[in-house]
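A closer look at the structure
What follows is the residue order along each chain.
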Amino acid sequence: RNGKQSLLFAAFDERVGAVVGSSPGAPISSPYAYSSHNFYGEGPDAGTAGTWWLSSITQYSDDPGRMPMDGHGVLALIAPRYCAIADAWTDFEGDSTFADEMGVLAASEVYRLLKAPSTALQLLHRPGGHHGFDSVASYLDWFDHALGRACSEPAFPLAYA
């Protein structure tokens with residue numbers, strides 16, 4: 001729940017200058033339109049997933065593309081502040097890298113509209129599974145860059161901006 005909560009907090013509190021969501025999954029970093037059952041992922045009716053939004057979200061289980069807003073709207077609310085979605089290549093617990101890429105791509109339109117730096121919204125792929133506890137040092141490097149405390153950009157093996 002930490003990845004979702006950190007992004008929701010940043011979306012609604014402008015005091016947050018930079019945030020990393022570590023494997024936040026559906027519905028925030030992995031929009032339901034791209035992580036639903038149609039994509040072998042987690043849809044609005046998957047267990048407790050529907051409780052992250054209003055309970056009425058389950059009416060979109062058959063066609064999440066009809067939703068008035070999906071998870072990328074939360075990422076867009078963070079713009080133009082720095083935001084990184086850290087997911088794992090082999091996450092089988094709720095983060096689809098394809099869905100995360102689609103969410104970042106959709107939210108990046110708002111970042112461009114607000115003339116945010118090109119590195120303000122990033123998708124950081126890391127090795128391992130759902131929990132990124134072994135990647136905390138790389139998150140701190142990213143924060144140093146985002147907050148202007150680093151001389152150079154952090155070296156992420158595969159960063160999508």
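Residues numbered from 1 in each chain as written. Predicted model: local features only at pLDDT ≥ 70, side-chain atom pairs only at ≥ 80, totals over all residues. Heavy atoms only, no water.

1. Considering helix α5 (residues 136-146)
Taken together, the buried positions of α5 are occupied by Tyr139, Trp142, His145 and Ala146. Taken around the axis of α5, the buried residues stretch over an arc of 115°, which confines them to a single face. Check the buried side of α5 and you find it contacts β1 (18-22), β2 (82-88) and β3 (121-126). Among the residues trailing α5, Gly148 stands out with phi positive, at a value near 75°. (Buried < 20%, exposed > 50% of the residue type's maximum accessible area, 1.4 Å probe, protein only. Helix = DSSP H or I, 4+ residues; strand = E, 2+ residues; numbered from the N terminus. Arc of directions from axis to C-beta. Contact = heavy atoms within 4.5 Å.)

2. What about the pattern of salt bridges?
As enumerated under the stated definition, the model contains three salt bridges in all. Between Asp13 and Arg15 there is a salt bridge, and its shortest N-O distance comes to 2.5 Å. By relative accessible area, which is 12% here, Asp13 ends up buried. A relative accessible area of 73% places Arg15 in the exposed class. Notably, a salt bridge pairs Arg66 with Asp63, separated by 4.0 Å at the nearest N-O pair. (Salt bridge = Lys/Arg side-chain N within 4 Å of Asp/Glu carboxyl O.)

3. What about the environment of Gly17?
Relative to the elements of secondary structure, Gly17 occurs in the loop between α1 (2-12) and β1. You can call Gly17 partly exposed: its relative accessible area is 32%. Taking the C-alpha atoms as reference, Gly17 lies 9.2 Å from Pro80; in sequence the two are 63 residues apart. Leaving out residues up to four positions away in the same chain, Gly17 has contacts with Arg81, Tyr82 and Leu147.

4. A few points about the nonpolar core
Among the nonpolar cores identified, the biggest contains 28 residues, and Leu7, Leu75, Ile78, Cys83, Tyr111 and Trp142 are the most heavily contacted of them. Listed by contribution, the elements that provide at least two residues to this core are α1, β1, α3 (72-78), β2, α4 (97-113), β3 and α5. The biggest single contributor to this core is β2, with five residues. Those residues in contact with Leu7 that lie beyond four places of it in its chain are Val19, Gly21, Pro24, Ile28, Val74, Leu75, Ile78, Cys83 and Ile85. By size, the runner-up hydrophobic cluster in this structure holds five residues, among which are Ala26, Tyr32, Tyr60 and Met67. (Core = buried A, V, L, I, M, F, W, Y, C linked by side-chain atoms within 4.5 Å.)

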